[in-house]
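Residue-level structure breakdown
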Amino acid sequence: MLKITIPSFCVSEIEYSCFVVFTEWLGINYEITTTEKNSIFISSGNNTLRLNADFFIKASSDWLGNASMPALSLECYNLNELKNSLSNELHVCETELPILYGIPEITVFENTIDCSIDILGSIFFMISRYEEIVIKERDNHGRFSAKSSIAYKENFLFRPIVNEYLELLFALLNHLFPQLQRKKMQFGIFPTHDVDVPFRYLNISMPSLIKNMGGDVLKRKSVLLAFDTLSRWKKVKNGKVEADPYYTFDFIMTQSEKRGLKSSFYFLPSGSPEMLMQYPVSLPEMQSLLQCIDKRGHEIGVHGFYGTYLNNKAFTDDVQLLQDTLVAIGIGQEIKGGRQHYLQWQNPETFVIWENTGVRYDSTLSFADIPGFRCGTCYEYSVYDCITRRKLKLKERPLIAMECSIIAERYMNLGLTNDALQVFENLKAKCKYYNGNFVLLFHNTEFLTEAQKQFYIEVLDC
């Protein structure tokens, strides 16, 4: 067992960081005591690792203040220098490690290592999303954007920097304590699907149908497409919902099943107020869809409607509505998790709202405008409330890549191109390198053409 001695300030934050790092990720037993010193000491027998506590020192006197933020133009530590000093492999795929807190110096002695990089403080900063409370900039949906983040400004958004810090920490520990055994993490692909609009033609009015057909002729320059729209609408009206172009669930589930994967479908139980058409789970067609998904062994989760990221009652009512509906139609699944609509999220209010419902995990945390490692990691972890300063039971399963962030014109605007596929492939490769979770979001409305379907297949297989 490791003995970890920590300063007497920011005790809750350091204990939380140790819990995530050592218990959840590394699976190493430890005990904590406090000291009046301003460093963190990890020891066993005669050997000791000293870690800088720069973030915790700054935060202790300026909690959630600007003075506790990292300085821009970060220094980097050259990991090749350390590899020559360690007897074990340093499992990091990058050479230059950005230093959020502390200074880029590590000195290896016979029985001690002096690490001037604040590893635990940097990990806490990223996974707690501390900066999203300090920085007040928001977009028109109330979201913290990628371009406001340290990760984007310092060019490491596409790197799981927390995983890099974790590997550095374990390499230092393993050099001093070679008997240590760590938990084996396993790479996984998690295809998720926000079901914002499950049907295109179900319940639409005749004027809306005529408008759609007019768009086929005038905008899309295709009379045949207009007749196809009319034909599909008639089939859906006669109960053949699988003819609806947005009803792509069989394709999605089949692709997952072919690869031994389990898709997660996140539903808006009562609809969402900004949408013209509402598809609550009380509709017979929605209940049939839920039964189909459950029968094939895939997950049903909750998609908090627009604005519920700050509305405890509305979100709780929706979770209960979905759970009650599943019970009523004979589905034994419990609602384990899901994601906020539009990726709306505020720190820590949204975490607390989800915690209050008793769901196990949230998977909202990716930026809408640019994909990548918003939390700095591809591992699931327990979350932290930076206002009440306590660990919550809720887990965050970070979203790594949403299709529209990469493809859509309003964001990266890469379309269905090799460049777009390369972004997915790069992010997936990083998750695989660290045996993490590649959490992927494709909406059911993004499989209307053969090109879109083929692109999704290539993303799954890249």
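What this report covers is the structure whose coordinates are included nearby. Only a predicted model underlies this, so the values are computations on that prediction, with no experimental measurement involved.

1. Focus: the environment of Tyr433
Summarising the element assignment, Tyr433 is placed in helix H15 (residues 418-433). Taking the C-alpha atoms as reference points, Tyr433 and Thr229, separated by 204 residues in sequence, lie 45 Å from one another. If sequence neighbours within four positions are ignored, Tyr433 has contacts with His91, Val92 and Cys93.

2. Comments concerning the pattern of salt bridges
Two side chains with opposite charge may pair up if their charged atoms get near one another. What the rule picks out here adds up to 19 salt bridges. Ionic pairing is found between Lys395 and Glu24, a salt bridge with its closest N-O pair at 2.6 Å. In this pair, Lys395 sits in strand E15 (residues 390-396) while Glu24 sits in helix H1 (residues 11-26), placing the two residues 371 residues apart along the sequence. Overall, Glu24 belongs to the buried group, its relative accessible area being 13%. Among the salt bridges present, the one from Asp139 reaches Arg143, with a minimum N-O distance of 2.8 Å. By relative accessible area, Asp139 is classed as partly exposed at 27%. Linked through salt bridges whose partners overlap, the residues forming this network are Arg129, Glu131, Glu132 and Arg374.

3. Description of the sheet that holds strand E8 (residues 112-117)
One open sheet accounts for 6 strands, arranged E2-E1-E3-E4-E8-E7; its pairing is mixed. Every other strand in the sheet has two partners, leaving strand E2 (30-35) and strand E7 (102-108) as the edge strands with one partner each. Pairwise comparison of adjacent strand axes, ignoring direction, gives a mean angle of 15° for this sheet.

4. Quick word on unusual backbone geometry
Across the junction of Asn347 and Pro348, the peptide omega takes the value 0°, indicating a cis bond. With respect to the secondary-structure elements, Pro348 resides in the loop between strand E12 (337-340) and helix H13 (349-357). Within the chain, Cys10 stands out as a residue other than glycine whose phi angle is a positive 50°. Locating Cys10 in the fold gives a position in the loop between strand E1 (2-7) and H1. Not every positive phi belongs to a glycine, and Asn435 is a case in point at roughly 55°.

5. A few points about H15
Within an α-helix, residues lying three or four positions from one another point in the same direction, as the helix has 3.6 residues per turn. If you check H15, its first and last C-alpha atoms are 22 Å apart, about what 16 residues at 1.5 Å a residue would give, namely 22 Å. When we look at burial in H15, the residues that qualify are Ala420, Leu421, Val423, Phe424, Leu427, Lys428, Lys430 and Cys431. Looking at the packing, one finds that the buried side of H15 touches strand E9 (188-195), strand E16 (401-402), helix H14 (403-407), strand E17 (437-441) and helix H16 (450-461). Downstream of H15 by one or two residues, Asn435 has phi in the positive range, about 55°.

6. Looking at the pairing of strand E11 (residues 299-304)
Counting buried residues along E11, 6 of its 6 residues qualify, which places the element largely inside the surrounding structure. By the bridge criterion, 4 bridges tie strand E10 (residues 264-267) to E11 in an arrangement that is parallel. In the sheet register, Phe265 faces E11, and the bridge partner there is Ile300. Following the chain from E10 across helix H11 (residues 284-295) to the adjacent parallel E11, one finds a crossover that is right-handed. The pairing of E11 with E12 spans 3 bridges and is classified as parallel. Within E12, the position partnered with Val302 by the bridge is Gly338. Of the crossover connections in this fold, the one passing from E11 over helix H12 (residues 312-328) to the parallel E12 is right-handed.

7. Re the sheet that holds strand E13 (residues 361-362)
Spatially, 9 strands are ordered E14-E15-E13-E12-E11-E10-E9-E17-E16 in an open sheet, and the strand pairing comes out mixed. Pairing within the sheet leaves two strands with one partner each, and these edge strands are strand E14 (381-385) and E16. Packing against the sheet, H1 makes contact with E14 and E15, and its axis sits at approximately 170° to E14. Running at roughly 75° to E15, H13 makes contact with E11, E12, E13, E14 and E15 of the sheet.

8. Brief notes about the packing of H1 against helix H4 (residues 119-127)
Between H1 and H4, whose axes approach to 10 Å, the crossing angle comes to 90°. Viewed along their axes, H1 and H4 adopt a mutual orientation that is roughly perpendicular. Residues Glu13, Tyr16, Ser17, Cys18, Val20, Val21 and Trp25 of H1 form the contact with H4, whose own contacting residues are Leu120, Ile123, Phe124 and Ile127. Of the residues belonging to the contact of H1 with H4, the class tally is 9 nonpolar, 1 polar and 1 charged.

9. Focus: the packing of aromatic side chains
Counted by the stated rule, this structure contains 32 aromatic pairs. Look at Phe56 and Phe124: their rings are 6.3 Å apart centre to centre, the planes differ by 55°, and that puts the pair in the tilted class. Of this pair, Phe56 sits in helix H2 (residues 54-61) while Phe124 sits in helix H4, placing them 68 residues apart in sequence. Residue Phe56 shares its accessibility class with Phe124, and that shared class is buried. A ring pair is formed by Phe124 and Tyr384, whose centres lie 5.3 Å apart and whose planes are at 75°; its orientation type is edge-to-face. Within this pair, whereas Phe124 is found in helix H4, its partner Tyr384 is found in strand E14, the two being separated by 260 residues in sequence. Tyr384 gets classed as buried once you look at its relative accessible area, which sits at 1%. Every member of this aromatic cluster is reached through a ring pair, and the members are Tyr16, Phe55, Phe56, Trp63, Tyr101, Phe124, Phe125, Tyr130 and Tyr384. Cation over ring: Arg389 sits above Trp63, and NZ or CZ is 3.9 Å from the ring centre.

10. Focus: H16
The end-to-end C-alpha distance of H16, which contains 12 residues, comes to 16 Å, matching closely the 16 Å that a straight helix rising 1.5 Å per residue would cover. When we look at burial in H16, the residues that qualify are Gln452, Phe455, Tyr456, Ile457, Val459 and Leu460. Here the buried face of H16 lies against E9, helix H10 (249-258), H14, H15 and E17.

11. Some remarks on the side chain of Ser272
Tracing the backbone shows Ser272 in the loop between E10 and H11. Judged by relative accessible area, Ser272 falls into the buried class, the value being 1%. Side-chain polar atoms of Ser272 contact the side chain of Glu274, separated by 2.5 Å. Side-chain polar atoms of Ser272 contact the backbone nitrogen of Tyr306, separated by 3.1 Å. Not counting the four nearest positions on each side in its chain, Ser272 is found in contact with Gln278, Phe305, Tyr306 and His341.

What counts as what
- Residues numbered from 1 in each chain as written.
- Predicted model: local features only at pLDDT ≥ 70, side-chain atom pairs only at ≥ 80, totals over all residues.
- Heavy atoms only, no water.
- Helix = DSSP H or I, 4+ residues; strand = E, 2+ residues; numbered from the N terminus.
- Contact = heavy atoms within 4.5 Å.
- Salt bridge = Lys/Arg side-chain N within 4 Å of Asp/Glu carboxyl O.
- Buried < 20%, exposed > 50% of the residue type's maximum accessible area, 1.4 Å probe, protein only.
- Pairing = 2+ DSSP bridges.
- Axes fitted to C-alpha atoms, helices over the stretch in contact; angles between N-to-C directions.
- Expected span 1.5 Å × (residues − 1).
- Right-handed = clockwise from strand over helix to strand, strands pointing away.
- Parallel < 35°, antiparallel > 145°, perpendicular 65-115°, else oblique.
- Nonpolar A, V, L, I, M, F, W, Y, C, P; charged D, E, K, R; others polar.
- Phe/Tyr/Trp six-rings, centres within 6.5 Å; stacked < 30°, edge-to-face > 60°.
- Lys NZ or Arg CZ within 6 Å of the ring centre and 35° of its normal.
- Polar contact = N/O pair within 3.5 Å; in protein donor to acceptor, adjacent residues only side chain to side chain.

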